[in-house]
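Residues per chain are reported as follows:
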Amino acid sequence: MKKQYDVVVIGAGPAGYIAAIRAAQHGLSVACIDEWKNKDGKNAFGGTCLNAGCIPSKALLESSELYYRAQHEFKSHGITTGAVSMDVATMQKRRAAIVRQLTGGVAGLLKANKVEGLAGHGRLLAGRKIEFTAVDGSMLTIDATHVILATGSAPIELPVAKFDDVHIVDSWAALEFAAVPKRLGVVGAGVIGLELGSVWARLGAEVTIIEAMDELLFMADRDIANVAAKDFKKQGLDIRLGAKLTAAAVKGAAVEVSYSDRNGAQSLQVDKLVVAVGRRPFTDGLLAEDAGVPLDAKGFIEVNHECRTRVKGVFAIGDCVRGPMLAHKGSEEGVMVADLIAGEIAEVNYDVVPSVIYTAPEIAWVGKTEAQVQASGRKYKKGSFPFAASGRAKAMEQTSGLVKIIAAEDDDEILGVHIIGPMAGELIAEAVLAMEFSASTEDLQRTIHAHPSLAEAMHEAALAVDKRALNYPN
Ligand code: FAD
Ligand code: NAI
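Residues numbered from 1 in each chain as written. Chains lettered and ligands numbered in written order. Predicted model: local features only at pLDDT ≥ 70, side-chain atom pairs only at ≥ 80, totals over all residues. Heavy atoms only, no water.

Talk me through the overall build of the protein; I want residue IDs and the actual numbers.
If you tally the helices and strands in the protein, you get 13 helices and 21 strands. Computed over its C-alpha atoms, the radius of gyration of the protein comes to 24 Å, within 12% of the 23 Å expected for a compact globule of 474 residues. Reported as C-alpha extents along the three principal axes, the dimensions of the protein are approximately 65 × 60 × 45 Å. Counting the 474 residues in the protein, one finds 51% classified as buried. Excluding contacts between residues fewer than 6 apart, the proportion of contacts in the protein whose partners are at least 24 apart in sequence is 61%. Accessible surface, the protein as shown: approximately 21700 Å² in total, 53% of it carbon and sulfur. In the protein, 50 positive and 58 negative side-chain charges are present, and the distance between their average locations comes to 3 Å. (Helix = DSSP H or I, 4+ residues; strand = E, 2+ residues; numbered from the N terminus. Rg over C-alpha atoms; globule rule 2.2 N^0.38 Å. Buried < 20%, exposed > 50% of the residue type's maximum accessible area, 1.4 Å probe, protein only. Contact = heavy atoms within 4.5 Å. Areas by Shrake-Rupley, 256 points an atom, 1.4 Å probe, with all protein chains shown as cover. Lys, Arg positive; Asp, Glu negative; His and termini not counted. Charge placed at Lys NZ, Arg CZ, Asp CG, Glu CD.)

Talk me through the sheet that holds strand β13 (residues 264-270); I want residue IDs and the actual numbers.
The sheet built from 3 strands is open, its strands ordered β11-β12-β13 with antiparallel pairing. At either end of the open sheet lies a strand with only one pairing partner, and these are β11 (244-251) and β13. Each adjacent strand pair in this sheet contributes to an overall mean axis angle of 20°, direction not counted. Relative to β13, strand β12 (residues 254-261) runs antiparallel, the two being bridged by 7 bridges. Residue pairing across strands places Ser 260 opposite Ala 265, the latter belonging to β13. (Pairing = 2+ DSSP bridges. Axes fitted to C-alpha atoms, helices over the stretch in contact; angles between N-to-C directions.)

Pulling in residues and values, what's your account of the site of ligand 2?
Around ligand 2 sit 23 residues, and of these Ile 192, Glu 195, Glu 211, Gly 278 and Val 356 come closest. Here an oxygen atom of ligand 2 and a backbone polar atom of Val 191 are 3.2 Å apart. With respect to ligand 2, the side chain of Glu 211 contributes an N or O atom lying 2.6 Å from an oxygen atom. Here ligand 2 loses 79% of its free accessible area of 840 Å² to cover by the protein chains. Residue assignment for the shell around ligand 2 shows that the elements contributing at least two residues are α6 (191-202) and β11. At 3 residues, α6 tops the list of elements feeding residues into the shell around ligand 2. Of the residues that constitute the shell around ligand 2, the class distribution is 15 nonpolar, 3 polar and 5 charged. (Near = heavy atom within 4 Å. Polar contact = N/O pair within 3.5 Å; in protein donor to acceptor, adjacent residues only side chain to side chain. Nonpolar A, V, L, I, M, F, W, Y, C, P; charged D, E, K, R; others polar.)

Mind laying out the site of ligand 1, listing which residues take part and the relevant values?
Close to ligand 1 lie 38 residues; Asp 34, Thr 48, Lys 58, Asp 319 and Ala 327 are nearest. Here Ala 327 contributes a backbone N or O atom positioned 2.9 Å from an oxygen atom of ligand 1. Taken together, the elements giving at least two residues each to the shell around ligand 1 come down to β2 (30-34), α2 (47-52), α3 (54-72), β3 (115-124) and α8 (327-341). Ranked by the residues each element gives to the shell around ligand 1, the list is headed by α2, at 4 residues. Here the residues of the shell around ligand 1 sort into 17 nonpolar, 16 polar and 5 charged.

Go over the pairing of strand β18 (residues 362-367) with me, naming the residues and quoting the values.
Taking burial as the measure, the 6 residues of β18 include 5 buried ones, the bulk of the element. Relative to β18, strand β17 (residues 355-357) is paired through 3 bridges, and the arrangement is antiparallel. Looking at the pairing, Ser 355 lines up with Trp 365 of β18. Examined bridge by bridge, β18 and strand β21 (residues 414-421) share 6 bridges and lie antiparallel to one another. Looking at the pairing, Ile 363 lines up with Ile 420 of β21.

Pulling in residues and values, what's your account of the nonpolar core?
Among the nonpolar cores identified, the biggest contains 37 residues, and Leu 184, Trp 200, Val 207, Leu 217 and Ile 363 are the most heavily contacted of them. Counting residues per element, the ones that place at least two in this core are α3, α4 (88-112), α5 (171-175), β8 (183-187), α6, β9 (206-210), α7 (222-234) and β18. Setting aside residues no more than four positions away along its own chain, Leu 184 makes contact with Phe 177, Trp 200, Ala 205, Glu 206, Val 207, Thr 208, Val 270, Lys 272 and Val 274. Core analysis: the next-biggest nonpolar cluster, separate from the first, contains 30 residues, Val 9, Ile 148, Ala 150 and Val 348 among them. (Core = buried A, V, L, I, M, F, W, Y, C linked by side-chain atoms within 4.5 Å.)

Please provide a residue-by-residue account of the packing of aromatic side chains, values included.
According to the stated counting rule, one finds 3 aromatic pairs in the structure shown. A ring pair is formed by Phe 385 and Tyr 472, whose centres lie 6.0 Å apart and whose planes are at 80°; its orientation type is edge-to-face. Residue Phe 385 is located in strand β19 (residues 380-386), and its partner Tyr 472 is located in the segment after α13 (456-465); the two are separated by 87 residues in the primary sequence. Classification of Phe 385 by relative accessible area gives buried; the value is 3%. Accessibility expressed as a relative area gives 38% for Tyr 472, which makes it partly exposed. Lying across the ring of Trp 172, Lys 39 places its NZ or CZ 3.9 Å from the centre. (Phe/Tyr/Trp six-rings, centres within 6.5 Å; stacked < 30°, edge-to-face > 60°. Lys NZ or Arg CZ within 6 Å of the ring centre and 35° of its normal.)

Can you lay out the pattern of salt bridges for me, pointing to particular residues and giving the numbers?
Enumeration according to the criterion identifies 24 salt bridges in this entry. One salt bridge in this structure joins Lys 404 and Asp 223, with 2.7 Å as the shortest N-O distance. Taken together, the positions of Lys 404 in strand β20 (residues 402-408) and Asp 223 in helix α7 put the pair 181 residues apart, joining distant regions of the chain. Lys 404 gets classed as buried once you look at its relative accessible area, which sits at 2%. Look at the salt bridges and you will find they share partners, linking Asp 221, Asp 223, Glu 370, Lys 382 and Lys 404 into a network. (Salt bridge = Lys/Arg side-chain N within 4 Å of Asp/Glu carboxyl O.)

As structure tokens, then:
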């Protein structure tokens with residue numbers, strides 16, 4: 001370990017470790033400090049995303065979906081099995097192994113790029129000095145020419161439902177349940193509530209989700225949210241809208257959940273309650289009083305469009321700053337900041353950050369919803385194509401959903417693309433690229449799409465914008 005680096009990054013989640021690698025690729029000397037400890041007490045790089053978020057949730061979503069499809073879809077393919085059974089312990093072992101491989105992979109990548117990975121706590125002092133406390137308690141002050149703060153986020157804890165890590169839990173604990181709870185309650189039908197609710201419902205839990213908003217997926221396009229609501233209901237997810245949690249009390253082995261909706265006070269008994277009502281920026285113990293880096297009213301580190309804080313040479317990226325709390329958003333900010341430090345011109349196009357919800361069917365979008373375009377006053381046209389008319393989706397037995405494209409009436413620019421259906425999270429990449437290049441729907445219409453492919457639904461939706469769909473009535 002040196003006492004001086006060109007760049008010190010605090011936090012090795014997808015924002016921080018990517019920034020560190022990119023900075024090292026520019027020939028800078030880089031250290032990346034991270035204090036994450038897994039439930040086995042071991043330090044690991046990768047942050048929330050790799051240890052307790054994106055990756056473990058997708059591992060369980062995949063396992064549980066296969067189990068669900070084996071029970072519900074195999075028959076239609078002419079496949080007969082004996083009784084299909086599953087073993088949570090094996091699923092969890094697989095999840096943990098994937099996490100271990102990937103977090104070990106980050107450590108390897110840091111090393112391969114000559115980034116010094118330091119396990120321990122980092123605290124920013126005045127004058128771009130960092131107080132580093134190693135896991136063995138030893139302390140060292142490091143000088144940095146540039147500092148990148150990438151300390152991420154933590155689950156919001158509700159005063160009326162304090163986590164006890166056994167009955168009332170956050171998303172991390174809900175990813176590591178050792179057995180399927182018979183009755184699972186979830187507070188919040190946001191991204192975590194829907195993904196984790198899906199996992200445990202597919203594995204046999206009776207899942208009830210209470211959501212304060214009157215609409216499901218208020219941030220998504222209405223045509224997409226309506227399909228989602230129908231499909232989730234069919235899958236047995238009991239989503240109660242306009243329902244605000246008022247109390248949760250552990251009684252014996254169960255949790256007594258109280259909430260209010262338009263009919264007044266309601267209650268519900270569950271075996272486990274997952275509270276997933278959003279995340280807060282995490283900056284605990286990060287900033288010395290004289291560090292000079294202010295937070296905003298919600299606790300985010302204040303930054304400009306280039307992720308510069310008020311202190312020269314100190315940047316902040318990822319979940320601890322404004323914008324969507326998404327791994328890919330943080331990573332791109334990391335790349336931008338490292339490039340800026342190296343003297344290059346760089347920016348992040350915040351208008352085209354894709355959102356994906358990994359339910360079945362998957363949901364993905366980029367750009368504006370129809371309601372947002374309407375509110376902007378811009379005249380628009382739209383087209384959609386249902387997966388029920390896609391040969392590939394039919395072959396996959398996954399025909400629910402649609403692709404919807406919204407474009408400007410005057411110059412045909414694509415303003416928003418919204419997908420619910422198979423592989424939506426993969427299909428959205430074409431839309432992101434198109435919008436990054438300010439493509440028109442005509443550009444998509446004249447682009448060859450392989451047949452038969454799910455991507456043809458994008459092509460047909462683009463054609464439908466001008467009432468020229470070829471495989472569906474306009
Ligand atoms: P983090 O990943 O939170 O990393 C911050 C790191 O900094 C942590 O390791 C922390 O220990 C460390 N740290 C904090 N303070 C200090 C300090 N003072 N000193 C040293 N180290 C410190 N996003 C997606 O894009 N796709 C998904 O599918 C997705 N799924 C998710 C599922 C779940 C259940 C959850 C909870 C989140 C999910 N997210 C997903 C969100 C995603 O995990 C975050 O947006 C992403 O991890 C943010 O990256 P980050 O690097 O900013 O912060
Ligand atoms: P969220 O913001 O997506 O959803 C929280 C939900 O809880 C909202 O619908 C809100 O109305 C509701 N809520 C808030 N208070 C409530 C109360 N008292 N009673 C009932 N409902 C209440 O937050 P979530 O799901 O916790 O996820 C946190 C972050 O993690 C998100 O910002 C998301 O971007 C990220 N994430 C991303 C994933 C992905 O990209 N696939 C997967 C999981 C998380």
